[in-house]
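Observations on the three-dimensional arrangement
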Amino acid sequence: MTDRYTDIADALIPLLGGADNIDDINNCMTRLRVSVVDPELIQGDAVRAVPGVLGVVEDETYQIVLGPGAVTRVAEEFRRSVTAQRTSPAGAAADTTSDAERLAQKGAAMKAAQKARNNTPMKNAIRKIANIFVPLIPALIGAGIILAIRGLLANWQTAGGAPDWLGALLPALNVIGSAFLGYLAVFAGINAAKEFGGTPALGGAVAAIIVVPAVANIQYTLPLVGQVHLSPGQGGVIGAIFAAGLCAWLERLLRGRIPDAIDILVTPTVALLVSGLATIYVFIFVAGVIASAIGAGAVWLLAHSGVLAGFVLGGTFLPLVMLGLHQALVPIHATLIEQLGFTPLLTILSMAGAGQVGAAVVVWLKLKRNRSLRRTIKGALPVGVLGVGEPLIYGVSLPLGRPFITACIGGAFGGAVVGAFNQFVAPFGATAIGPSGLALLPLLQSDRGQGYAILAYVTGLLVGYLAGFVATWFWGMPPQLIAEHNRTDEEAATPQPARALTGANATRDLPAPASPTQISATPESSTATRAR
C-alpha cells in the first residue's frame with residue numbers, strides 16, 4: 001500500500017517527461033525543484049492538477065510547490081521512484097480538476113507570466129544569489145534554534161535552580177549551534193562556485209580564507225585608505241560570494257586553454273592562488289565595508305523612519321516571495337546578524353505572512369460551498385501561521401487576485417507596527433534566519449531582552465492578521481468573485497447553463513450559446529427563466 005506522498009511522486013514523474021527526462025532533483029522548504037533534459041516534455045497543466053500540488057514555478061529549474069513537510073516526503077519518494085524508473089517511464093495521472101486546483105493553475109500561470117517579464121540579467125543574478133543560500137536554510141534553522149535553546153537554558157542557570165549538569169551542556173550547545181554559523185562563509189563559497197559553474201571544493205577553499213584565524217596576521221596598506229588590519233570573518237558571506245565567483249570564472253577561463261596533461265595541476269592551483277590573493281587584498285576589505293554599511297544603514301533607517309520603512313517592506317514582501325526572490329535577502333540577513341547580533345529586517349518582512357493569514361480566513365468564511373478551496377486553506381493556514389506563506393499564495397490569494405492585494409495591505413500595517421517598535425522603543429530582530437511567523441518566537445532578541453522582542457513581534461503579527469482580515473473582508477472579496485468561486489467541486493467541474501444564468505456573470509460562464517428550446521428542455525431552465 002502506498003501513501004499519498006508516494007502517489008504524488010509517482011503521478012509527477014510521467015508528467016515531467018518520465019524518469020529519463022529528469023536530470024537533477026532538489027527541494028527547499030516548500031518546493032520540489034527539478035532540472036529536466038527536455039522542458040517540452042513537461043505537461044504543465046497536468047502537473048498543476050495533481051492532488052497535493054499547490055502551484056508550479058517555471059524558473060531555471062521546474063519548481064513544484066508542495067508545502068512544508070510534504071515536500072520533503074515527496075522529494076524522498078520522487079528520488080526513489082526516478083532511480084527505479086530510469087529506463088521505464090510510464091503511467092499518467094488522473095486529471096481531476098477541482099476549483100482549488102484550477103485556482104492553483106491560475107496562480108502558476110500568473111507566476112509564469114511574471115517570470116517571463118522578469119527575465120532580465122539583474123533579476124537572474126539575484127536568483128543565482130538566492131540559489132546559493134536555499135540549500136543552507138535547514139542548517140541555518142537548526143543552528144539558530146539550538147542557540148536559542150542554549151540562551152534560554154543559560155538564563156535558567158543565571159536565575160538559579162538549574163541542575164549541575166546544565167553547566168557542562170551549555171558549552172556543547174554553544175559549539176553545536178555556532179559551528180555552522182561560524183563557517184557559513186565556507187558553505188556559501190561552495191554553493192557559489194557550483195552556481196557560477198566552478199568546482200565546489202575550490203569555492204569552499206577560497207571562501208575559507210575569510211574565516212581562517214591566521215588572516216588576522218595579515219596587514220597591508222591601501223592608497224587613500226591607509227593601514228588595513230584583517231580579522232577572521234570580516235566580509236562574511238558577501239566576501240565569500242565575491243571570492244568563489246572569481247575562482248569559478250578563472251577556472252572556466254583556464255579550462256580548455258591548459259593542456260589536458262597538466263590541467264589537473266595548473267588550473268585549480270592558479271584559480272585558487274589568484275582568487276585567494278584577490279580575496280585577501282580586495283574582497284575581505286571591500287565586503288567588510290559593504291557589510292558595515294548594511295548594518296549602519298539598517299540602524300539609521302529604523303531609527304529615523306521605522307514606521308514608513310516597515311509599512312513599505314511589509315507590504316511589498318509577498319511579491320518577492322511570489323517570485324522566489326526573497327531568498328536573495330539571506331546575505332543581508334546574515335550580514336545584519338554579524339553586525340548587530342540580530343536581523344530586524346526579518347521581523348518586519350515576516351509581517352507579510354500575517355496579512356496572508358488574515359486574508360485566507362476571510363476566503364474560508366466567504367466561500368463556504370467551495371470544499372476543495374477550503375481544504376487547501378485548511379492545510380495551508382497552519383503552516384501560514386508558522387510563517388510559510390507559499391501554499392496560501394499559490395493556492396489561495398494569488399489566483400483569486402484581490403485577496404493577494406489585501407494580504408499585502410495587512411503585511412504593510414503589521415510591518416509599520418514592528419517598525420514603530422524599532423523606531424520609538426528599541427531595535428529587535430531574529431538571531432537566525434529561516435523560520436517566520438510564530439515559529440520565529442524562540443529566535444527573537446533585542447538589547448532590552450527577549451521578552452520585549454516577543455511582545456513587539458506578536459503585536460505586529462496581531463495587527464497584520466487583523467488588517468489582512470479587515471481589508472479582505474471589505475475590499476478583497478467582491479460579489480462577482482464570490483459568485484464565481486462559492487460553488488461545490490461538482491458545480492465547478494460540470495457545465496451548468498441554467499445555474500450559470502443565475503449568476504452575475506452568467507453569460508460569461510456559458511460554455512456555448514444555447515437556444516431557448518434547449519434551455520426549456522431541462523429542469524434548470526425553469527430556474528433560469530424565473531431568474532430572468
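The text that follows walks through the structure, step by step, so that each part is easy to find.

Definitions and limits used
Residues numbered from 1 in each chain as written. Predicted model: local features only at pLDDT ≥ 70, side-chain atom pairs only at ≥ 80, totals over all residues. Heavy atoms only, no water. Phe/Tyr/Trp six-rings, centres within 6.5 Å; stacked < 30°, edge-to-face > 60°. Buried < 20%, exposed > 50% of the residue type's maximum accessible area, 1.4 Å probe, protein only. Salt bridge = Lys/Arg side-chain N within 4 Å of Asp/Glu carboxyl O. Helix = DSSP H or I, 4+ residues; strand = E, 2+ residues; numbered from the N terminus. Polar contact = N/O pair within 3.5 Å; in protein donor to acceptor, adjacent residues only side chain to side chain. Contact = heavy atoms within 4.5 Å. Pairing = 2+ DSSP bridges. Axes fitted to C-alpha atoms, helices over the stretch in contact; angles between N-to-C directions. Expected span 1.5 Å × (residues − 1). Core = buried A, V, L, I, M, F, W, Y, C linked by side-chain atoms within 4.5 Å.

1. Things to note about the packing of aromatic side chains
Enumeration according to the criterion identifies 8 aromatic pairs in this entry. Look at phenylalanine 474 and tryptophan 475: their rings are 6.1 Å apart centre to centre, the planes differ by 55°, and that puts the pair in the tilted class. The burial state of phenylalanine 474 is the same as that of tryptophan 475; both residues are exposed. Members of the aromatic cluster, connected to one another through ring pairs, are Phe421, Phe428 and Tyr452.

2. What to know about the pattern of salt bridges
Summed over all chains, the structure comprises 4 salt bridges. In this structure, glutamate 251 and arginine 255 form a salt bridge, with 2.9 Å as the shortest nitrogen-oxygen distance. The network of salt bridges with shared partners includes Glu76, Glu77 and Arg80.

3. Section: the side chain of serine 446
Among the structural elements, serine 446 can be located in strand S8 (residues 444-446). Within the structure, the side chain of serine 446 is placed 3.0 Å from the backbone oxygen of glycine 449, a separation counted as a polar contact. Residues in contact with serine 446, not counting those within four places in the same chain, are Phe342, Pro427, Phe428, Tyr452 and Ala453.

4. Here's the deal with the environment of phenylalanine 283
Examined against the element boundaries, phenylalanine 283 turns out to sit in helix H11 (residues 260-323). Residue phenylalanine 283 is classed as buried on the basis of its relative accessible area, which comes to 16%. For the pair formed by phenylalanine 283 and isoleucine 210, sequence separation is 73 residues and the distance between their alpha carbons is 9.2 Å. Filtering out sequence-adjacent residues up to four positions away, phenylalanine 283 remains in contact with Gly239, Phe242, Ala243, Leu246, Ala278 and Gly288.

5. Quick notes on the pairing of strand S2 (residues 31-36)
With 5 of its 6 residues buried, S2 lies for the most part within the structure. Of the pairings in the sheet, the one linking strand S1 (residues 22-27) to S2 comprises 5 bridges and is antiparallel in character. Residue pairing for S2: aspartate 24 is matched across the bridge by serine 35. Sheet topology note: the S2/strand S4 (residues 62-65) ladder contains 4 bridges and is antiparallel.

6. Remarks on the sheet that holds strand S3 (residues 55-58)
Pairing is antiparallel in the open sheet, where 4 strands are placed in the order S1-S2-S4-S3. Only two strands of the sheet have a single partner each, and these edge strands are S1 and S3. This sheet shows a mean twist of 20° between the axes of neighbouring strands, independent of strand direction. Where helix H3 (residues 70-84) meets the sheet, it contacts S1 and S2, and its direction lies at approximately 155° from that of S1.

7. Topic: H3
The terminal C-alpha atoms of H3, which comprises 15 residues, lie 21 Å apart, in line with the 21 Å expected from a rise of 1.5 Å per residue. Buried residues of H3: Ala70, Val71, Val74, Ala75, Glu77, Phe78, Ser81 and Val82, and no others. On its buried face, H3 is in contact with helix H1 (4-15), S1 and S2.

8. So, the nonpolar core
One finds Phe133, Leu184, Leu230, Val237, Phe428, Leu440 and Tyr457 to be the most contacted residues of the largest nonpolar core, which totals 60 residues. The element contributing the most residues to this core is helix H10 (residues 236-254), with 8 residues. In this view, phenylalanine 133 contacts Ala188, Val237, Ile241, Val330 and Pro331; residues no more than four positions away in its chain are not counted. Counting 28 residues, the second-largest nonpolar core is a separate cluster that includes Tyr5, Ala9, Leu16 and Ile22.

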